[in-house]
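# Close look at the chain arrangement
Single-letter residue listing:
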Amino acid sequence: MSGAAVDLDLVQVQFTQSLSDDGEDVVLETYILAYEEINKIFGVLGSVFKFVSTDVEKKIDILRSKLQQTPESYKTVRSMIMYETCNNITDSDRNNGCRTLLRLHRALEFVAEFIKVLAIEQEDNISKPVWAAYSATLAQHHTWLIKTLQFQCYSGAASHVADKKHGFYGDVYLADQTEHSRTSWESRRSGISQ
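Please read all numbers here as calculations on a predicted model, not as lab measurements. (Residues numbered from 1 in each chain as written. Predicted model: local features only at pLDDT ≥ 70, side-chain atom pairs only at ≥ 80, totals over all residues. Heavy atoms only, no water.)

## Description of the overall build of the protein chain
- Looking only at helices and strands, the protein chain has ten helices and two strands in total.
- Along the protein chain, from the amino end to the carboxyl end, the secondary structure elements read β-α-α-α-α-α-α-α-α-α-β-α.
- Burial statistics for the protein chain: of 194 residues in total, 42% are counted as buried.
- Of the accessible surface of the protein chain, which amounts to about 10,400 Å², a share of 54% is contributed by carbon and sulfur atoms. (Helix = DSSP H or I, 4+ residues; strand = E, 2+ residues; numbered from the N terminus. Buried < 20%, exposed > 50% of the residue type's maximum accessible area, 1.4 Å probe, protein only. Areas by Shrake-Rupley, 256 points an atom, 1.4 Å probe, with all protein chains shown as cover.)

Pasting the structure below:
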């Protein structure tokens, strides 16, 4: 199986740690770390999803670059929004942080829906769960042409990823990999499907 294993506990910790002390803002650096871990899911799914992984990496790189260039302005999501709107960056820079973060959120929504659908599906083939997750999330933001191309891509992926479903759960894990962790992952899966 290609790609690094995904640690869902680490994702949860990073998202939790990214909240500001008052819970009213999000620290961008820690938030980016959580997205890097989430992006490993596409690596676990294999080369068919490399284009998605590469796209998410580009968006993470855009945010990290902005954070490095202007650290105080991009320290939190709120400071980023204020900085970009006050300086008309959202209108002048196609790769502005606000737009980039919105697209990362769409990818996160897709991943969450994919894991939910995958846990519910009883089939060994993951092409249907991928298409169901895409249709419920990202497809809402794509044109008919992009949707058609995505359908062909996911349908064509069926033969490449047919056996990945069982391996997918082996590469998406909880931190300590103890029996308790495996039981916890199984209970998370069953809780999703209820």
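So, next bit.
## A few points about the nonpolar core
- Ranked by internal contacts, the top residues of the largest apolar core, which has 39 residues, are Phe15, Phe42, Met80, Phe110, Val111 and Phe114.
- Sorting the residues of this core by element identifies α1 (8–18), α2 (28–44), α3 (50–69), α4 (77–86), α6 (97–120) and α7 (127–136) as the ones contributing at least two each.
- When residues in this core are grouped by element, the largest group, nine residues, is from α2.
- In this structure Met80 touches Leu28, Leu63, Ser73, Tyr74, Gly97, Cys98 and Leu101, once residues within four positions along its chain are discounted. (Core = buried A, V, L, I, M, F, W, Y, C linked by side-chain atoms within 4.5 Å. Contact = heavy atoms within 4.5 Å.)

## Examining α3
- Taking 1.5 Å per residue, 20 residues should reach 28 Å; α3 reaches 28 Å between its end C-alpha atoms and fits that length.
- Here α3 has its buried residues at Val52, Ser53, Val56, Lys59, Ile60, Ile62, Leu63, Arg64, Lys66 and Leu67.
- In this fold, the buried residues of α3 make contact with α2, α4 and α6. (Expected span 1.5 Å × (residues − 1).)

## Points about the packing of α2 against α3
- Contact geometry for α2 and α3: axes closest at 10 Å, N-to-C directions at 170°. In this view, α2 runs roughly antiparallel relative to α3, as classed from their interaxial angle. In the crossing of α2 with α3, the sense of the turn from one axis to the other is left-handed. Only Val52, Ser53, Val56, Glu57, Ile60, Leu63, Arg64 and Leu67 of α3 make contact with α2, whose side of the interface consists of Glu29, Ile32, Leu33, Tyr35, Glu36, Asn39 and Phe42. (Axes fitted to C-alpha atoms, helices over the stretch in contact; angles between N-to-C directions. Parallel < 35°, antiparallel > 145°, perpendicular 65-115°, else oblique. Left-handed = near helix turned anticlockwise from the far one by under 90°.)

## A look at the packing of aromatic side chains
- Summed over all chains, the structure comprises five aromatic pairs.
- An aromatic cluster is defined as three or more aromatic residues linked by ring pairs; in this entry it consists of Phe15, Tyr31 and Tyr35. (Phe/Tyr/Trp six-rings, centres within 6.5 Å; stacked < 30°, edge-to-face > 60°.)

## Topic: unusual backbone geometry
- Despite not being glycine, Asn88 shows a phi value in the positive range, around 55°.
- Here Asn88 is to be found in the loop between α4 and α5 (89–92).

## Here's the deal with the environment of Ile38
- Relative to the helices and strands, Ile38 resides in helix α2.
- According to the relative accessible area criterion, Ile38 is buried, its value standing at 8%.
- As a C-alpha pair, Ile38 and Leu108 span 70 residues in sequence and 7.8 Å in three-dimensional space.

## Examining the pattern of salt bridges
- Tallied over the full model, the rule gives five salt bridges.
- Across the salt bridge formed by Glu37 and Lys40, the nearest N and O atoms sit 2.9 Å from each other. Taken as a pair, Glu37 and Lys40 lie in helix α2 at a separation of three residues, close to a single helical turn.
- According to the relative accessible area criterion, Lys40 is partly exposed, its value standing at 30%.
- When salt bridges with common partners are traced through the structure, they connect Glu29, Glu36 and Arg64 into a single cluster. (Salt bridge = Lys/Arg side-chain N within 4 Å of Asp/Glu carboxyl O.)

## Remarks on the packing of α3 against α6
- Two elements in contact, α3 and α6, have axes separated by 10 Å at closest approach and are oriented at 145°. The way α3 lies across α6 gives a crossing that is left-handed. Two secondary-structure elements touch here, α3 through Val56, Lys59, Ile60, Ile62, Leu63 and Lys66 and α6 through Gly97, Thr100, Leu101, Arg103, Leu104 and Ala107.
- Looking at the contact of α3 with α6 residue by residue, the classes come out as seven nonpolar, two polar and three charged. (Nonpolar A, V, L, I, M, F, W, Y, C, P; charged D, E, K, R; others polar.)

## What to know about α6
- Taking 1.5 Å per residue, 24 residues should reach 34 Å; α6 reaches 35 Å between its end C-alpha atoms and fits that length.
- Turning to α6, its buried residues are Gly97, Thr100, Leu101, Leu104, Ala107, Phe110, Val111, Phe114, Ile115, Val117, Leu118 and Ala119.
- The opening residue of α6 is Asn96, an N-cap whose side-chain oxygen sits 3.1 Å from the backbone nitrogen of Cys98. (Polar contact = N/O pair within 3.5 Å; in protein donor to acceptor, adjacent residues only side chain to side chain.)

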